[in-house]
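Working through the structure, step by step
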Amino acid sequence: MDIFLKVVLLIFAVGLIAVVLLQKGKSAGLSGAISGGAEHLFGKTKARGMELVLQRVTVGLAAGFFIMSILVAVFID
């Protein structure tokens, strides 16, 4: 079970890295963080198509990664 949990954690980690790298940048650096950050925070720009799919996959992989990290920390001595 030790090896299985670590392999699943590794799959989540690699998948999360790949999906994040496939996404486009959504801000214009520091100026975008200061002036346009509220638009991204409150969802005025809606993702469509492939961006929406990548966003949902990222959330799912991140949740799986956190859950697997906790399980590995608890069950591995």
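Keep in mind that what you see is a predicted model, and the values were worked out from it rather than measured.

Criteria and cut-off values
Residues numbered from 1 in each chain as written. Predicted model: local features only at pLDDT ≥ 70, side-chain atom pairs only at ≥ 80, totals over all residues. Heavy atoms only, no water. Phe/Tyr/Trp six-rings, centres within 6.5 Å; stacked < 30°, edge-to-face > 60°. Buried < 20%, exposed > 50% of the residue type's maximum accessible area, 1.4 Å probe, protein only. Patch = residues over 30% accessible without salt bridge, like charges linked within 9 Å, V, L, I, M, F, W, Y side chains within 5 Å. Areas by Shrake-Rupley, 256 points an atom, 1.4 Å probe, with all protein chains shown as cover. Salt bridge = Lys/Arg side-chain N within 4 Å of Asp/Glu carboxyl O. Helix = DSSP H or I, 4+ residues; strand = E, 2+ residues; numbered from the N terminus. Core = buried A, V, L, I, M, F, W, Y, C linked by side-chain atoms within 4.5 Å. Contact = heavy atoms within 4.5 Å. pLDDT = per-residue confidence, 0-100.

A word on the packing of aromatic side chains. Within this structure, the stated rule accounts for one aromatic pair. A centroid spacing of 6.1 Å and a plane angle of 65° characterise the contact between Phe65 and Phe66, whose relative ring orientation is edge-to-face. A residue is classified by how much of its surface remains accessible, and Phe65, at 25% relative accessible area, is partly exposed. Since its relative accessible area comes to 56%, Phe66 is described here as exposed.

Glancing now at a nonpolar patch on the surface. On the surface, Met1, Ile67, Ile70, Leu71, Val74 and Phe75 cluster together to form a nonpolar patch covering roughly 640 Å² of accessible area. Mapped onto the secondary structure, Val74 falls in helix H4 (residues 50-75).

What follows is about the nonpolar core. Ranked by size, the top nonpolar core spans five residues in total: Leu5, Val8, Leu9, Met68 and Val72. Per element, the largest residue contribution to this core is three residues, and it comes from helix H1 (residues 2-22). In this view, Leu5 contacts Met68, Leu71, Val72 and Phe75; residues no more than four positions away in its chain are not counted.

Right, let's talk about the pattern of salt bridges for a bit. The full count for this structure, using the stated rule, is one salt bridge. Note that Lys6 and Asp2 form a salt bridge whose closest N and O atoms lie 3.7 Å from each other. Here Lys6 and its partner Asp2 are both found in helix H1, four residues apart, which amounts to about one turn of the helix. Overall, the relative accessible area of 43% leaves Lys6 in the partly exposed class.

Model confidence for the protein is summarised by a mean pLDDT of 83, while 70% of its residues fall at 70 or above. By mean pLDDT, the top-scoring element of the protein is H1 (95), and the lowest-scoring one is helix H3 (residues 37-41) (54).

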